[in-house]
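Per-entry structural report
The lines below spell out each chain.
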Amino acid sequence: MGRWLLLALLLIVVDQLTKIGFDHALRYGERVNVLPVFDFTLLYNKGAAFSFLADQPGWQRWFFTILGIGASAFILWMMHTHRSQHRFMLALTLILSGALGNVIDRIAYGHVVDFLLFYWQNWYYPAFNVADAGITVGAILLIIDEILRLRGQHARSS
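Quick look at the structure, then. (Residues numbered from 1 in each chain as written. Predicted model: local features only at pLDDT ≥ 70, side-chain atom pairs only at ≥ 80, totals over all residues. Heavy atoms only, no water.)

1. Details of the side chain of Asn-102
- With respect to the helices, strands and loops of the structure, Asn-102 is situated in helix α3 (residues 86-109).
- On the accessibility criterion, Asn-102 (8% relative accessible area) is buried.
- A polar contact of 2.8 Å, which involves the side chain of Asn-102, links it to the side chain of Asp-132.
- If near-sequence neighbours (up to four positions away) are discounted, Asn-102 is found in contact with Lys-19, Val-112, Asn-129, Ala-131, Asp-132 and Ile-135. (Helix = DSSP H or I, 4+ residues; strand = E, 2+ residues; numbered from the N terminus. Buried < 20%, exposed > 50% of the residue type's maximum accessible area, 1.4 Å probe, protein only. Polar contact = N/O pair within 3.5 Å; in protein donor to acceptor, adjacent residues only side chain to side chain. Contact = heavy atoms within 4.5 Å.)

This is the structure we're talking about:
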């Protein structure tokens, strides 16, 4: 399990370094065009995914912090009990690193630092960061892992 935790730590470090770098390089709300569909930006999210509850007076900071810590504890327990399932462990590692990366932001700054912005013409995907990408890729990998696991069970029972 140590190598998975080391990977999670590495991803948390990358997440935090990129957030610090963009927070120092850009002014809040500034955008730097990289591609016709992608900008670097600097935005702060006091809510959760897609700015859910961002307009609340501040209780959401601690709610999402506690939720992230609780989810991380559950993930660590799941990792401890499923050590031999490598794809599952990778998915959990990605989600763990993302959850803790955003918890660090909430505790340190009261908001999550976002800096990646994809768009097409007048449509914008909400800005996100390395931690958010880890959570998303980890969730997709969890779904793929479950589909492949069920396929394998079905093939063995046939």
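2. Here we look at the pairing of strand β1 (residues 31-35)
- Bridging between β1 and strand β2 (residues 38-45) involves four bridges; their strand directions are antiparallel. The partner of Arg-31 across the bridge, within β2, is Thr-41.
- Adjacent in sequence and paired antiparallel, β1 and β2 are bridged by two residues. (Pairing = 2+ DSSP bridges.)

3. Remarks on α3
- If you check α3, its first and last C-alpha atoms are 34 Å apart, about what 24 residues at 1.5 Å a residue would give, namely 34 Å.
- Count one or two residues on from α3 and you reach Gly-110, which has phi positive near 85°. (Expected span 1.5 Å × (residues − 1).)

4. Let's talk about helix α4 (residues 130-157)
- Under the 1.5 Å per step criterion, the end-to-end length of α4 is 40 Å for 28 residues, consistent within 8% with the ideal 40 Å.
- Buried residues in α4 make contact with α1 (2-25) and α3.
- Capping of α4 at its N-terminal end is provided by Asn-129; its side-chain oxygen lies 2.9 Å from the backbone amide nitrogen of Ala-131.

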